[in-house]
Structures are given as C-alpha cells and as structure tokens.
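Observations on the three-dimensional arrangement
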Amino acid sequence: MNLRDLPILRHLEDVGPTDPVFDLLVLLGPLVIALIALLGRTPVTMTTTTAYVLGFVAYFGWNATKTT
Amino acid sequence: MVVTSGTRVIARDLGRMLQALAAILFVSIAIPLVWGERYAIPAMLVSAAIPFVLGRGLATYFADAEEPGKLHGMVIAATGWFGIALFGGLPFLLVATTMAFGLFGAPAPTDTILVFLNPLNAFFESMSGFTGTGLTMSVHENELPATLQWWRSFIEWIGGVGVIVLTTAILARPGSGSLTLYESEARSEKIHPSIVSTVRTIWWIFLLFTFLSICLLWLAGMPLWGAINHAMTGLATGGFSITDNSIATYDSVAIDFALIPVMVLGSIAFPVHYLVLQGDIENLYTDLQTRWVFGFFAVGTITLTATLIANGAYETATTALLDGRVVLQNAPATVFESFRYGLFQFVSAASCTGFQTAGSLGTRWSAESQVVVALGMYVGAAAGSTVGGIKLVRAAILTKGSWYRIQDIFYPDSAVRHFELDGRVLSTEEASREFEEAAIISFLWVLFLLAGGFVLMVTVGDSFTLENVIFEVASAQGNVGLSTGITGPDMPLPAKLMFLFNMWIGRLEIIPVLVLLRGIIKGLGGYR
C-alpha cells in the first residue's frame, strides 16, 4: 500500500509540502513524545528518538540532493 | 447607541479571536488533568468560558458585518492582540486566586504565585507571552504549577505564529477579509494563493519543527517537560522558561548548542521553510533575508565573542566537554567559553528569543558587549518568521538604499539607474516606497525606544545604568526578553505600563497600534 493512500496523510498532504514522508513525521512526532513520557530515558526511547531526528535529517538531505 | 459599520466589523472579528483564545484555553485543561493539579481546572474553565461567551456573542450579533478593509484590518489586529493578551491573563489571576484562598484543595502558594493576584502582573505576563517577548513577572518559574508553566509556553507558541493566523486556521473564512487581517499582523508573504491554505501550511511546518525540537532537546539531556516547554518557546522565539535561571540552569554545552538550530529555525520565514522542505534548498542562500540571517548571526557572534574575550568575561583555566572526555585549558578554554556564551546570547538576541545562559548580563558583561546584543535585538531576523525587531529585510533595504543614495552623487543627472533588491529590479518610485516604509518603521522604533527609555530612567532610579535601561527597553520592544534585571514584579507602575505598550507595538510593527489610537481620538471614518 502506498503511504499516500492513508486518509489522514491525504488530508495532511493538502496542507504540507505534499511529501508523504514529512507528513508521516508530523504524525509520528506525538507518538515518539508519548513513548518518552511513558518509558522515560531508556535505550528504546533513545534509539527511537535518535532515529526520528536522524530520519528527518537524512530524508531532508536526500530530498534536497534529488531536487537540485 | 448607534453602532457604525466599522465598529461592527471590528467587534465581529474581535469576537472570532476571543473564540480562538477560548479554544486554546479549553485544550489546556488537559494539563492540570495530566499533572494532577485538579484545583486549577475550575480556574481554567472560567478563563475559557469568559472569552468564549463574549466572543460568541460578538461574532453572532455582528455576523452580517462586511469584510474588513485595510483600516479595519489594522484596528482589528491592534484591538485583537490587546484583547487576547488581556483575557489570556485570566489563568494567571484565577489560578493565583484559587491557591491564595486554598480553594478546591489547592496547595499553599509561593510568593511567585501571589504576584499574579495583581491583575496588571497577570496582564503583563500574558502580553509578554503572546507577543513572544519573554520578560516575566515570575521570580522563580520553577515554582509555578505545571498548568501555568504550560500556559506561558503555549501562548508564546501560539503568539509566535500569530493570533490571527490561529483564528484563520480554526475559523476558516475564505475571502479578502482574511488576507487583510493576515497582513495587519505583520505578515505579508503567502505560501499558497488561498490565505486559509497558507495559514494551515504554516501550522503544519510549525508542528513538524516543534516535534523535532522537543526530540532534539531531550536527546541533548533536557528532561521531557523542559524539552516540551523550551522547544515551544524556543521555536516561537519567545523565551519563557520553566526554570529559575532560564537555560543557564542546565549548565550544559550540549543543550546550549542544541537550542541554536531551534532558534535559527524560528528566525527563518515560513515561505522559505516551505520551499526548502520541498527540496529547494538553494533558497537558504538565494533568499535575501535568509542569507542575511546567517550572515548577521555569524558577524554578531564573532564580534560578541571578541568583546567577551577582550574583557575577560569568561576567562577560565579549564573547561570540560563531552562528559569530561575532552578538557581544554587556558587560552583555548577561555576562547571556547566566550564563543559558547557569545554564540548563544547573540542568536538568542537577534532571533528575539531571549533565552539566557549568561546569568548576569547587566553586571558581568561590559557595555560594548551589551551594545552588540542590543543591536541584535534591534534588528531581529527575517520578516515572515516568528521574530521581532525591525527585521533584517528593512536593515538590508536601509543599508543598500543608503549606499545607493551615496553613489547617486557620483552619477550625472541624466543617468538612468535601477535599484536591485533580492533579484528584483525596482523603479525609482518602487525603490522610494521601499525606503520610505523601512525608514518610517525604523524611525518609529527608535522613537518609542527612547520614550520607553525615558520613562524607565525616571522610574527605576540610579540602580541601573543608561545601557541597562536601553537594553531592557530594546528587549521589550523587540519582543526579545533578555533582561539586565530591571523587569520584575517590583517594577514601578509607569514602567510596567510603558513595557506593556512597547511589547504590544513591537509585535505589530507599531503602525496598527498608532492607527487604533488615531481612530480612538479622531474616529474610524476616513477622509471624505
């Protein structure tokens, strides 16, 4: 299934820069924060949060390289 | 009483803004529930109910009012921001009252809470929050209930983007009226042809950056509650903190450096963010303002670091980095510490955030260091972002315009010259209009800076120097929030009133407030 087929992403797509990965990051943000609130500072939350931030940075860089 | 058509328009849109305020107050009731501060719930409910009933009444009664024109747009922006700040002070007043009287099982209040029994202090805190200033009446922010810590951060977060932007996003109203209001809130650039789509995209970008900032600060070692609050106030370039000594409380190199990108993100215009997120990264250097943001921050940081080194403000024998794995000694240690504080404080000032890592700007820092920081506060960063000050685009126009005029002398009268700005070739008439607008705003900014400085000099006495006073007023009017220690609950009444005015005009770039005052004195009718 394509990410764009999810109804909530389709709604976000109308608002953001029409990029399903960034839309997904907006949706995942509160979940990551909720996970930190529930579990505290553990290896799981550290890894998840690092992956979230690095995921944004890596995709941002890749997207920029692809476009320019 | 006869209600003019202009008053009907203003009342209807003020009502809409009050409803938006009520909505964010209702949402905030989740915080006392989560933190177990149930005694604060009635206060929050009443704080939400009052603007909701009033706003609903005004919006319904004047529902058929016409679309606002330019004049009404400015008056709505000015009255709206004043009204939002006024009613936004209710949670401070009512939570303090609840605690003072021990209602609903509230714990005993501290002196920090009792300050808000004075309605003017509650109003000041709210105005400082919504305008993204960050000057505070709280002596010990860590003693505030989580409900009020959240409310302070939340109003800065909302105010950073704009109350009208919020209202347009919630109560979508397509048409030219929304555009007029949007422009009256010191915004002009559109992302999409539709203003409703534009403001929704702004909120989308802001949400994404907020989540990223929270994660980044938490990874740098900040506790989650601190990361949430400081990410919101840092990105909104507001500067309220939940700790006693702002960011200095953490005394962490990692946190200091993690906050730099957060504040820089808040300093860049939303349309540029939108294009960059679409992959057009070259906008970071092709856009005039963004280019100037990076250049201004770099030059300011180098200058400030140099003055701090020259004055020995951070002279130290040793400094440890990366949990003690790297230890710098003597000159490298001093240079690093000066750079750390210089970078943070200049970015904090020029982005108009107001976070403080240097605990004693007023006494430990030399006059020239304070002047460099004050210059950052005066200029600010990009128009169309969340910052205050006169904005870099105006500084760029005035700088390039002055050079253009000087060069003009060397050309013959018959020469045809063009003024180039951000890749656009402007005609003489267009260029004159740009110079005029930038010069008027800058002149008014200095005028009210001096007025505020005069009031402060007369009221605070001899305990503070002239540079302290100018610094503090520039901080209030630039919506920055850095303090030399003048602002506090014991400030004289005239100084508080003056600062309320400085913060209000600073956020709206002065003109809308002057239009409102002119309307109050001479009426809202145009010349016939």
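Overview of the structure.

The rules behind each value
Residues numbered from 1 in each chain as written. Chains lettered and ligands numbered in written order. Predicted model: local features only at pLDDT ≥ 70, side-chain atom pairs only at ≥ 80, totals over all residues. Heavy atoms only, no water. Helix = DSSP H or I, 4+ residues; strand = E, 2+ residues; numbered from the N terminus. Rg over C-alpha atoms; globule rule 2.2 N^0.38 Å. Buried < 20%, exposed > 50% of the residue type's maximum accessible area, 1.4 Å probe, protein only. Contact = heavy atoms within 4.5 Å. Areas by Shrake-Rupley, 256 points an atom, 1.4 Å probe, with all protein chains shown as cover. Lys, Arg positive; Asp, Glu negative; His and termini not counted. Charge placed at Lys NZ, Arg CZ, Asp CG, Glu CD. Pairing = 2+ DSSP bridges. Axes fitted to C-alpha atoms, helices over the stretch in contact; angles between N-to-C directions. Parallel < 35°, antiparallel > 145°, perpendicular 65-115°, else oblique. Left-handed = near helix turned anticlockwise from the far one by under 90°. Nonpolar A, V, L, I, M, F, W, Y, C, P; charged D, E, K, R; others polar. Salt bridge = Lys/Arg side-chain N within 4 Å of Asp/Glu carboxyl O. Phe/Tyr/Trp six-rings, centres within 6.5 Å; stacked < 30°, edge-to-face > 60°. Lys NZ or Arg CZ within 6 Å of the ring centre and 35° of its normal. Buried area = accessible area lost by both parts, 1.4 Å probe. Polar contact = N/O pair within 3.5 Å; in protein donor to acceptor, adjacent residues only side chain to side chain. Expected span 1.5 Å × (residues − 1). Core = buried A, V, L, I, M, F, W, Y, C linked by side-chain atoms within 4.5 Å.

As a further point, take the overall build of chain B. Each helix and strand in chain B was counted, giving 23 helices and four strands. Taking 24 Å as the expected radius of gyration for a compact globule of 528 residues, we find that chain B reaches 23 Å, a close match to that expectation. Seen through its C-alpha atoms, chain B measures out along the principal axes to roughly 80 × 75 × 50 Å. Sorting the 528 residues of chain B into buried and exposed places 59% on the buried side. In chain B, the share of contacts with a sequence separation of at least 24, taken over all contacts with a separation of at least 6, comes to 73%. Of the roughly 20400 Å² that chain B leaves accessible, carbon and sulfur atoms contribute 65%. Averaging the coordinates of the 27 positive side-chain charges in chain B and doing the same for the 37 negative ones gives two points 9 Å apart.

Below, the discussion takes up the overall build of chain A. Scanning chain A from terminus to terminus reveals three helices and zero strands. Scanning chain A from its N terminus toward the C terminus, one meets helices and strands in the order α-α-α. Residues classed as buried in chain A amount to 37% of the 68 residues present. Of all intrachain contacts in chain A linking residues separated by at least 6 positions in sequence, the fraction that spans at least 24 positions is 29%. When the accessible area of chain A is evaluated, it comes to approximately 3900 Å², of which 72% is carbon and sulfur surface.

Before going further, it helps to spend a moment on the pairing of strand E1 (residues 318–321) of chain B. Burial of the side chains of E1(B) is restricted to one face: Thr319(B) and Leu321(B) are buried, whereas none of Thr318(B) and Ala320(B) on the reverse face is. Counting the residues in the hairpin turn of E1(B) and strand E2 (residues 326–329) of chain B gives four residues, including Leu322(B), whose phi is positive at 50°.

The next point concerns the packing of helix H16 (residues 288–311) of chain B against helix H18 (residues 367–379) of chain B. Residues and elements named next belong to chain B. For the pair H16 and H18, interaxial distance at closest approach is 9 Å and the crossing angle is 165°. As summarised for this structure, H16 and H18 are arranged roughly antiparallel, according to the angle between their axes. For the pair H16 and H18, the crossing hand works out as left-handed. Contact residues: Phe 296, Gly 300, Thr 303, Leu 304, Thr 307, Leu 308 and Asn 311 in H16; Glu 368, Ser 369, Val 372, Val 373, Leu 375, Gly 376 and Val 379 in H18. Here the residues of the contact of H16 with H18 sort into seven nonpolar, six polar and one charged.

Residue and element names in this part refer to chain B. Applying the stated rule across the entire model yields eleven salt bridges over all chains. Between Arg 12 and Asp 13 there is a salt bridge whose closest N-O contact spans 2.5 Å. Comparing Arg 12 with Asp 13 shows no difference in burial state: the two are buried. For the salt bridge of Arg 340 with Glu 337, the shortest nitrogen-to-oxygen distance reads 3.7 Å. Note that Arg 340 and Glu 337 are positioned in helix H17 (residues 330–350) at a spacing of three residues, about one turn of the helix. Here Arg 340 matches Glu 337 in class, with each residue buried. Here the residues in one salt-bridge network are Asp 251, Asp 256, Glu 337 and Arg 340, joined through shared partners.

Another point: the packing of aromatic side chains. Throughout the structure, instances matching the rule amount to 29 aromatic pairs over all chains. Ring geometry for Trp157(B) versus Phe206(B): centroids 5.3 Å apart, planes at 25°, classification stacked. Remark: Phe206(B) occurs in helix H11 (residues 195–219) and Trp157(B) occurs in helix H8 (residues 146–161); sequence separation between them is 49 residues. Three or more aromatic residues joined by ring pairs form one cluster here, namely Phe130(B), Trp150(B), Trp151(B), Phe154(B), Trp157(B), Trp203(B), Phe206(B) and Phe270(B). It is Arg41(A) that lies over the ring of Trp218(B); its NZ or CZ is 4.4 Å from the centre. Arg417(B) extends its terminal NZ or CZ atom over the ring of Tyr404(B), reaching a point 4.2 Å from the ring centre.

Taken residue by residue, the interface counts 26 residues in chain B and 29 residues in chain A. Taken over both partners, the interface formed by chain B and chain A buries close to 2400 Å², and the fraction arising from carbon and sulfur atoms is 80%. Considering only the side of chain B, the residues that lose the most area to chain A are Trp204(B), Phe211(B) and Trp218(B), jointly responsible for 30% of the buried surface there. At the junction of chain B and chain A, the tally comes to zero salt bridges. Our enumeration of links across chain B and chain A arrives at four residue pairs in polar contact (both at pLDDT 80 or more). Contributing elements (two or more residues each) for the side of chain B that touches chain A: H11, helix H12 (224–235) and helix H14 (270–277) of chain B. Examining the composition of the side of chain B that touches chain A, we find that twelve residues originate from one element, H11(B), more than from any other. Broken down by class, the residue content of the side of chain B that touches chain A amounts to 18 nonpolar, five polar and three charged.

Residue and element names in this part refer to chain B. Over its 13 residues, H18 extends 18 Å from the first C-alpha to the last, a length consistent with the 18 Å expected when each residue adds 1.5 Å. Ser 369, Gln 370, Val 372, Val 373, Ala 374, Gly 376, Met 377 and Val 379 are the residues of H18 that are buried. One or two steps after H18, the chain reaches Gly 380, where phi turns positive at roughly 75°.

Of all residues except glycine, most have a negative phi; of all peptide bonds, most are trans. Residues and elements named next belong to chain B. Residues other than glycine seldom take positive phi values, yet Phe 104 does so here, at roughly 55°. Tracing the sequence through the fold places Phe 104 in the loop between helix H5 (90–100) and helix H6 (111–114). Among the residues examined, Phe 104 registers a relative accessible area of 55% and is labelled exposed.

Moving on, we get to the environment of Pro271(B). Residues and elements named next belong to chain B. Among the structural elements, Pro 271 can be located in helix H14. Judged by its relative accessible area of 17%, Pro 271 is buried. In the structure, Pro 271 is positioned 217 residues away from Leu 54 in sequence and 35 Å away in space, judged by C-alpha atoms.

All names here are of chain B. In terms of nonpolar packing, the biggest core is built from 165 residues, with Phe 130 and Leu 208 touching the most fellow members. The element best represented in this core is H11, accounting for 14 residues. Setting aside residues no more than four positions away along its own chain, Phe 130 makes contact with Leu 21, Ile 24, Trp 81, Ile 84, Ala 85, Gly 88, Trp 151, Ile 155, Ile 158, Gly 159 and Val 163. Of all hydrophobic cores here, the second largest spans ten residues; its members include Ile 397, Phe 419, Leu 426 and Phe 435.

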